[in-house]
Amino acid sequence: MVCDLSASPLPSAGIAKASQERCPRRCSCEAARAVQCYRITEVPRSTPASTTRLYISHSKVRHLQVSDFSRLPGLEELILFSSGTEAIANNTFKALSKLRTLELLKNKLRSIPKPLPTSLEVLKLSDNLINAIQPSDFEGLKKLQVLEIKNNILTAFAASLFSPLFNLQIIVLDGNSIESGSGPLRLPRLKNLSLENNKLHSLPGTFFAHLPYLQYLSLSGNLLNKVPHELPRTLRILKLERNQVKHIRLREMKHLENLTDLVVSDNQISSLDGVLLSSNLTTLDLSRNQLKSVPHRLPSKLQKLDLSSNQIQRVTLLDFQGLPDLKHLFLDNNAVSVFEDGAVQRCAHLTNLALEQNLLTTIPMRLPDTLARLDLKGNYIEEIGDLQLKHLKQLQVLNLRNNKISALDRKVLECLPRLRHLYLDGNPWNCTCDLLKLKKLLTEKGMDVKSGQCAHPEECQGETWLSSRRILQHCEQLYYYVGKKGKEDRRPVKGHVQETVRAQVEDDEEDYEID
């Protein structure tokens, strides 16, 4: 039950001594001893003494002092969000011996408040103006498990500062201006470490030497020119995108036998030849690099491989021979002009193949019959034959927009029973009456279609061929005339067929649900 702003009494099942306590103005009080306040200028003095959770948001509480919480000895969770807080007096939280979670997010703090209660398990100070961490900031916090100081203005940190945090499992220091860090980092229970979007050029060789349980490491968005040395062999996820890495060397990777996800997109990598990647790797993202060919000897357990936005020109029979578990393959935004027949046929679980924005003139032959999505947007394909697509009985999304296609035989679509999304716009369609044969089939299937506009004949230019009434009427008259002369036995097309083909406006980048 929630108290209204008129300060009505709390229910007997809620906060203790409810008959004597009232909910503060601009706050709501829940039966679970939680108080939420908005648009206030100070911590309410009348906050019920038995409150365990206090949430203050979008307010103007510039200063916090000891007296603000002296009546709340049982407080377990304090969240002060976007409230313009600039300063916190010493000892403000010292008496809160049961406080487990402290979140002071999106304020104007310039330092970490102290001392902090030894009961803390979660401390989040993101989006403030903190520029340094002092040796005394974390004293006594042996129970702390989560520390987040994202989006502040830290420029450096000494690993020794975190030594008191014996039980720390997660550190997030993203979005600062950290240029260097001294080591080693001695945190025996740390599992997740994130230093994204800083200015790191390098880390000491011993920085990770005493992290026996580290599983997730993100150094994305820094200035690293190589993979850090002596990474923990316990790592499962390593993210290094948006750096300046040019090479991945054997000595940096060979011991990471537990690695399942490696993300090194948006670097300057030109080759992986000779690199022994973890045999347990299931996700490899090499997009936005300088690869000129598909890397050799890829791990056999790969399920997702992203090679988009490189300089790859050929896809050969040997490139994907040993990847039976591959489900998602991205080769878009390359310069692929040769895609050998059957190049991905042995990828027996492939469901998603992205080949858009390349130089293909034909649809690749002998694609695996497991495909659910095929993207060929922005190539130079002129013809679509049923031989290339007839085996794709599971295909649900077919993207052919922005090619050179002028005609489409209905036989192509008849062999695709599960097709639901069809992109055909951006092609130079020759809008003859034969093209309207597709209309009935598309109507029956109830597909989401982007049909595109006519390029020929001249009088139809700019018309959308799937729904143009002018083209429809022209073909009605032609069929009627030809049938009347006895030259062909065709029935006239009805003039006002109810439109059930849905022309979607969604962009083809949308991640459709695949059955």
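See the structure printed just above.
Keep in mind that what you see is a predicted model, and the values were worked out from it rather than measured. Throughout this description, residue numbers start from 1 for each chain and increase along the sequence as written. Only residues with pLDDT of at least 70 are given local features in this predicted model, and only at 80 or more are side-chain atom pairs given and counted; all residues enter the totals for whole chains, interfaces and linings. With hydrogens and water excluded, all non-hydrogen atoms of the structure serve as input to the side-chain values.

What about the pairing of strand 3 (residues 53-57)?
Alright, step 1. With a 1.4 Å probe rolled over the protein chains alone, any residue whose accessible area is under 20% of its type maximum counts as buried; one over 50% counts as exposed, and the rest are partly exposed. Put simply, DSSP marks the helices as runs of H or I at least four residues long and the strands as runs of E at least two long, and each gets a number from the N terminus on. Most of strand 3 is tucked away: 4 of the 5 residues are buried.
Alright, step 2. The criterion for strand pairing is that DSSP finds at least two bridges linking the strands in question. As paired strands, strand 2 (residues 34-38) and strand 3 are joined by 5 bridges and run parallel to one another. Bridge assignment links Val35 to a residue of strand 3, and that residue is Leu54.
Alright, step 3. Relative to strand 5 (residues 77-81), strand 3 runs parallel, the two sharing 5 bridges. When the sheet's bridge partners are listed, Leu54 is paired in strand 5 with Leu78.

Points about the pattern of salt bridges
For side chains of opposite charge, pairing can occur when their charged atoms come near one another.
Alright, step 1. Salt bridge, as used here, is a side-chain nitrogen of Lys or Arg placed within 4 Å of a carboxyl oxygen of Asp or Glu. One pass over the structure, following the stated rule, counts 14 salt bridges.
Alright, step 2. A salt bridge links Arg314 to Glu340; the nearest nitrogen and oxygen atoms lie 3.5 Å apart. Here Glu340 lies in the loop between strand 21 (338-339) and strand 22 (352-354) and Arg314 lies in strand 19 (residues 314-315), a separation of 26 residues in the sequence.
Alright, step 3. The class of Arg314 is partly exposed, set by a relative accessible area of 44%.
Alright, step 4. Residue classification places Glu340 among the partly exposed residues on the basis of a relative accessible area of 23%.

Section: unusual backbone geometry
Alright, step 1. A cis geometry characterises the amide bond from Gly183 onward to Pro184, with omega recorded as 0°.
Alright, step 2. Among the structural elements, Pro184 can be located in the loop between strand 12 (180-182) and strand 13 (192-194).
Alright, step 3. Positive phi, close to 60°, is recorded for Asp127, a residue that is not glycine.

Examining the side chain of Asn289
Alright, step 1. Structurally, Asn289 can be placed in the loop between strand 17 (283-285) and strand 18 (304-306).
Alright, step 2. Pairing of N or O atoms within 3.5 Å defines a polar contact, subject to two protein rules: one partner must be a possible hydrogen donor and the other a possible acceptor, and residues neighboring in sequence count only if both atoms are side-chain atoms. In terms of polar contacts, Asn289 uses its side chain to reach the backbone carbonyl oxygen of Val264, at 3.1 Å.
Alright, step 3. For Asn289, the side chain forms a polar contact with the main-chain nitrogen of Gln268, separated by 3.3 Å.
Alright, step 4. Note on contacts: a residue pair qualifies if any of its non-hydrogen atoms lie within 4.5 Å across the two residues. Setting aside anything within four residues of it in sequence, one finds Asn289 in contact with Val264, Ser265, Asp266, Asn267, Gln268, Ile269, Ser309 and Asn310.

Describing the nonpolar core
In globular proteins that are soluble, nonpolar side chains generally tend to be buried together.
Alright, step 1. Think of a nonpolar core as a cluster: buried Ala, Val, Leu, Ile, Met, Phe, Trp, Tyr and Cys residues, connected wherever their side-chain atoms sit within 4.5 Å. By size, the foremost hydrophobic cluster in this structure holds 138 residues, and its most contacted members are Phe162 and Trp465.
Alright, step 2. When residues of this core are traced back to their parent elements, those giving at least two are strand 1 (27-30), strand 2, strand 3, strand 5, strand 7 (101-105), helix 3 (410-414), helix 4 (437-445) and helix 5 (469-485).
Alright, step 3. Not counting residues within four places of it along the chain, the set of residues in contact with Trp465 comprises Leu424, Trp429, Cys431, Leu435, Leu436, Leu438, Leu442, Ser451, Gly452, Cys454 and Ile471.

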